[in-house]
Amino acid sequence: MSRIGRTPIAIPAGVEVEVSEANAVTVKGPKGTLVQAFSPEIGIAVNGAFINVTRKSDVPRHRSLHGLTRSLLSNMVIGVTEGFNKELEISGVGFRAVKEGKKLVINIGFSHQVIFEETDSISIEVPTPNKIIVRGIDKQEVGQFAADIRKKRPPEPYKGKGIKYSYEVVRRKEGKTGVK
């Protein structure tokens, strides 16, 4: 049995979890509400202050869905209580980010500015001109939004210029030596 899947999820105070007949789970908390439909092949039950995930058989598909469902439910509970964030760093001469209202304006060496707009579920902070923080309650949305920003100018290995995650390490390469 899956070690991840069989671990019960604790429901913190102030969080409501509802499971419908079609295995759609609604999680309401202080930061917002998340709704997600899960496979009917997996059993989801709310027992007091815990959520238990069970599977019907040991078929490989059920085994893989077991741990996945539990992880997604856990991320939903964490999202509505604490939220998720991703930090991005900009490095390069003249590269900077500015927040103008609900828009993120980035200068990263193009002839034009790159603009991203906040959504209802995603908020952006710019504490310094070379740091961007993406916050939200849905882990997948936060990760995708941060990946879209990074995709505009990924870090290059020669000078390290570009947009990278704060925890990311860019392996530097040696340039040309000019020796014949």
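Residues numbered from 1 in each chain as written. Predicted model: local features only at pLDDT ≥ 70, side-chain atom pairs only at ≥ 80, totals over all residues. Heavy atoms only, no water.

J.: Explain the pairing of strand 8 (residues 96–100) to me, using residue names and the numbers behind them.
T.: Of the pairings in the sheet, the one linking strand 8 to strand 9 (residues 103–107) comprises five bridges and is antiparallel in character. Residue pairing in the sheet places E100 in a bridge with K103 of strand 9. Linking two consecutive strands that pair antiparallel, namely strand 8 and strand 9, is a turn of two residues; a positive phi of about 70° is found at G101 within it. (Pairing = 2+ DSSP bridges. Helix = DSSP H or I, 4+ residues; strand = E, 2+ residues; numbered from the N terminus.)

J.: Let's hear about the nonpolar core: which residues, and what values?
T.: The biggest cluster of nonpolar side chains holds 20 residues, and the ones touching the most others in it are L88, I90, L104, I106, I132, V134 and I149. Among the elements of the structure, strand 7 (84–91), strand 9, strand 10 (114–117), strand 11 (122–128), strand 12 (131–136), helix 3 (139–151) and strand 13 (162–165) are those that each provide at least two residues to this core. Among the elements that line this core, the one with the most residues is helix 3, at four residues. Discounting chain neighbours no more than four positions away, the residues touching V134 are F84, N85, K86, L88, I122, S123, V142, F145, A146 and I149. Judged by nonpolar contacts, the second largest core, of 18 residues, contains I9, L34, V53 and V80. (Core = buried A, V, L, I, M, F, W, Y, C linked by side-chain atoms within 4.5 Å. Buried < 20%, exposed > 50% of the residue type's maximum accessible area, 1.4 Å probe, protein only. Contact = heavy atoms within 4.5 Å.)

J.: Talk me through helix 2 (residues 60–81); I want residue IDs and the actual numbers.
T.: Along its 22 residues, helix 2 runs 33 Å from first to last C-alpha, staying within 8% of the 32 Å computed at 1.5 Å per residue. Of all the positions in helix 2, only H62, L65, H66, G67, T69, R70, L73, S74, M76, V77, G79 and V80 are classed as buried. Immediately beyond the C-terminal end of helix 2, within one or two residues, lies G83, with a positive phi of roughly 90°. (Expected span 1.5 Å × (residues − 1).)

J.: Any chance you could break down helix 3 for me, citing the residues and the numbers?
T.: Look at helix 3: 18 Å from first C-alpha to last across 13 residues, which is about the 18 Å you get at 1.5 Å a residue. Residues of helix 3 that are buried include every one of V142, F145, A146 and I149, and no others. With its buried residues spanning 95° around the axis, helix 3 presents them on a single face. Relative to its buried face, helix 3 has exposed residues pointing more than 90 degrees away, namely Q140 and K151. The secondary structure elements touched by the buried residues of helix 3 are strand 7, strand 9, strand 10, strand 11, strand 12 and strand 13. (Arc of directions from axis to C-beta.)

J.: Give a detailed account of the pattern of salt bridges, specifying residues and quantitative values.
T.: Pairs can form between side chains of opposite charge whenever their charged atoms are close. Evaluated as defined, the whole model comprises nine salt bridges. The residue K131 makes a salt bridge to E87 at a minimum N-O spacing of 3.4 Å. Here K131, found in strand 12, pairs with E87, found in strand 7; they are 44 residues apart in sequence, far enough to count as distant. The exposure class assigned to K131 is partly exposed, which follows from its relative accessible area of 25%. With a closest N to O distance of 3.3 Å, K164 and E89 form a salt bridge. Residue K164 is located in strand 13, and its partner E89 is located in strand 7; the two are separated by 75 residues in the primary sequence. What makes K164 buried here is its relative accessible area of 16%. Beyond isolated ion pairs, a larger network of salt bridges with shared partners links K99, K102 and E118. (Salt bridge = Lys/Arg side-chain N within 4 Å of Asp/Glu carboxyl O.)

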